[in-house]
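Understanding the architecture of this molecule
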Amino acid sequence: MACMTKLQKYTVLLSMTLQPNKLLLMGLIALLMALQRRATERSYDQRVRTALLTSLSHDFRTPLATIMGAASTLRQRFEQLSDAQKRQQSEVIFEQASQLSRITNNVLQLVRLDAPQVRLNSDWESAEEIVGNAVSLGRQHAPGRTITASVDSGLPLLWCDALLVVQLLENLIDNAIRYSPPDSPVDVAALRAGDSMTFTIADRGPGIATDFSEATIRSTPAHAASGAGIGLSLCQLIARLHDGRLEITPRDGGGSVVHLFLPLREQRLPHLEQTA
C-alpha cells in the first residue's frame, strides 16, 4: 500500500471491514426468504390436506348413503317388492359399490404417486391404444352411454406411463358420464398440437369453473361438491408427473372440453453395442 494515498487506503480498509458484514447480511436475507417460502409451503400443504379430506369425505359419503338406502329398502320391504324393484335396488348397490372401488383406487394411487422420488413405468406408447383402453373402461362403467373415440392418423409414439395415462383419461370420462345428460355422448379424441400430444374429453354437462389449475382443484372444497374431488386431483398429479398439464374450455353448444397436454419427445433407437 506504499504507493496509495491515505484516502485510497481508508477506502480499501473500509471495504475489507464491510465485506464480511455484507456477506452476513445477504446470508440472513436468504435465510429469511427460505423460512418464509417454507412457511408458505406448509400453509399450502395444510390447505391441500384439508381440501382433500373434505373431498374424500364427500366422495365416499354419497355412494355409501345410496348403498345404505338401497340395502335398507331391500331389508325392510323385501317381501313387498316386486322382482323388478329388487333387481333395480340390487343394480343401484352394484353401481355405487363399483364407484366406491374406483374412488378407493384413486386414493391409493394418489398417495403412492405423491410420495417423494416416485418412478414412472414409462415406455413408447401408442395414443390409439391409450384412447382405446380408456374408452373401453368407460363403456364398461356405463354400458348404456355413447362414448366416441377419434385418433388422428400418423401420430408419433408417446413416452409415458400408459397405465397412469389411461387411468387419467378414465377418470375424466367417468366425470363426463356422471355429470352430463344420460342421452348425450362423451367424445374422446387424440391429436397433435405443436410439440404436444393432446387428449380431449368433451361432454354436454354443466361444465366446471374455467380456472382449472392444480391449486384450484386441490385446495377448493367447492370442486368436491361439484363432483371433481379426488379423481381430478389424481388427474392433475399424473399430468404433472409427465411434465404435462390439464386445461378446460367451454364447448360450443354447451358443456366443456378437458384438454390433456403431454410433451412429445424425440424417439431414439436403442444403442447398438459394437462387438469386437
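First, a word on what this report is: a plain description of the structure on this page. (Residues numbered from 1 in each chain as written. Predicted model: local features only at pLDDT ≥ 70, side-chain atom pairs only at ≥ 80, totals over all residues. Heavy atoms only, no water.)

Along the backbone of the protein chain there are seven helices and seven strands. Shown N-terminal to C-terminal, the secondary structure of the protein chain runs as helices and strands in the order α-α-β-α-β-β-α-β-β-α-α-α-β-β. Looking at the protein chain as a whole, 34% of its 276 residues qualify as buried. Considering only intrachain contacts with a sequence separation of at least 6, the fraction spanning at least 24 residues in the protein chain is 73%. When the accessible surface of the protein chain is totalled, it reaches about 17,200 Å², and 57% of it is carbon and sulfur. (Helix = DSSP H or I, 4+ residues; strand = E, 2+ residues; numbered from the N terminus. Buried < 20%, exposed > 50% of the residue type's maximum accessible area, 1.4 Å probe, protein only. Contact = heavy atoms within 4.5 Å. Areas by Shrake-Rupley, 256 points an atom, 1.4 Å probe, with all protein chains shown as cover.)

Looking now at the packing of aromatic side chains. In the structure shown here, the tally under the stated rule is one aromatic pair. The ring of phenylalanine 78 carries the charged tip of lysine 86 above its face, separated from the ring centre by 3.8 Å. Sitting over the ring of phenylalanine 261, arginine 245 keeps its end group 4.2 Å from the ring centre. (Phe/Tyr/Trp six-rings, centres within 6.5 Å; stacked < 30°, edge-to-face > 60°. Lys NZ or Arg CZ within 6 Å of the ring centre and 35° of its normal.)

Moving on, we come to the sheet that holds strand β6 (residues 245-250). Strand order across the open sheet formed by five strands is β2-β4-β5-β7-β6, with mixed pairing between neighbours. Only two strands of the sheet have a single partner each, and these edge strands are β2 (147-151) and β6. When the angles between neighbouring strand axes are averaged without regard to direction, this sheet yields 20 degrees. Two elements, strand β4 (residues 186-193) and strand β5 (residues 196-203), share seven bridges in a ladder whose sense is antiparallel. If you follow arginine 192 over to β5, its bridge partner there is methionine 197. Relative to β2, helix α3 (residues 127-141) is tilted by about 180 degrees, and along the sheet it contacts β2, β4 and β5. (Pairing = 2+ DSSP bridges. Axes fitted to C-alpha atoms, helices over the stretch in contact; angles between N-to-C directions.)

With that settled, consider the nonpolar core. If you look at the biggest cluster of nonpolar residues, it comprises 41 residues, and the most contacted ones within it are Leu168, Leu169, Phe199 and Leu260. With near-sequence residues (within four places) excluded, phenylalanine 199 lies in contact with Ala127, Ile130, Val131, Leu158, Leu169, Ala189, Ala190, Val258, His259, Leu260 and Leu262. (Core = buried A, V, L, I, M, F, W, Y, C linked by side-chain atoms within 4.5 Å.)

The next subject is α3. In this model, α3 (15 residues) spans 21 Å end to end at C-alpha, consistent with the 21 Å of a helix rising 1.5 Å per residue. Every buried residue of α3 is listed here: Ala127, Ile130, Val131, Ala134, Val135 and Gly138. All buried residues of α3 project into a common sector of 120 degrees when viewed along the axis, lining one side. Pointing more than 90 degrees away from the buried face of α3 are the exposed residues Glu128, Glu129 and Gln140. Buried positions along α3 lie against β1 (123-125), β2, β3 (158-160), α4 (162-178), β4 and β5. (Expected span 1.5 Å × (residues − 1). Arc of directions from axis to C-beta.)

Applying the stated criterion across every chain yields a total of five salt bridges. Its salt-bridge partner being arginine 265, residue aspartate 243 comes within 3.7 Å of it at the nearest N-O pair. One end of the pair, aspartate 243, is in the loop between α7 (229-241) and β6; the other, arginine 265, is in the segment after β7 (256-263), and 22 residues separate them in sequence. In this structure arginine 265 comes out as partly exposed when scored by relative accessible area, which is 45%. Via salt bridges that share partners, Arg102, Asp174 and Arg178 belong to a single interconnected network. (Salt bridge = Lys/Arg side-chain N within 4 Å of Asp/Glu carboxyl O.)

With respect to the element layout, serine 136 can be found in helix α3. Overall, the relative accessible area of 35% leaves serine 136 in the partly exposed class. Considered as a pair, serine 136 and glutamate 170 are 34 residues apart in the sequence and their alpha carbons are 9.0 Å apart.

The next subject is the packing of α3 against α4. Axis separation between α3 and α4 bottoms out at 9 Å; the angle between their running directions is 40 degrees. As judged from the angle between their axes, α3 and α4 are oblique. For the element pair α3 and α4, the recorded crossing hand is right-handed. Contact residues: α3 offers Ile130, Asn133, Ala134, Val135, Leu137, Gly138 and His141, while α4 offers Val165, Val166, Leu169, Glu170, Ile173 and Ile177. Split into classes, the residues belonging to the contact of α3 with α4 amount to nine nonpolar, three polar and one charged. (Parallel < 35°, antiparallel > 145°, perpendicular 65-115°, else oblique. Left-handed = near helix turned anticlockwise from the far one by under 90°. Nonpolar A, V, L, I, M, F, W, Y, C, P; charged D, E, K, R; others polar.)

Mapping arginine 251 onto the fold places it in the loop between β6 and β7. When its relative accessible area of 19% is taken as the criterion, arginine 251 is described as buried. A polar side-chain atom of arginine 251 sits 2.6 Å from a polar atom in the side chain of aspartate 187. (Polar contact = N/O pair within 3.5 Å; in protein donor to acceptor, adjacent residues only side chain to side chain.)

Along the chain, the position of asparagine 171 falls in helix α4. Sequence-distant contacts of asparagine 171, defined by excluding residues within four places in its chain, comprise Asn106, Gly231, Leu234 and Cys235.

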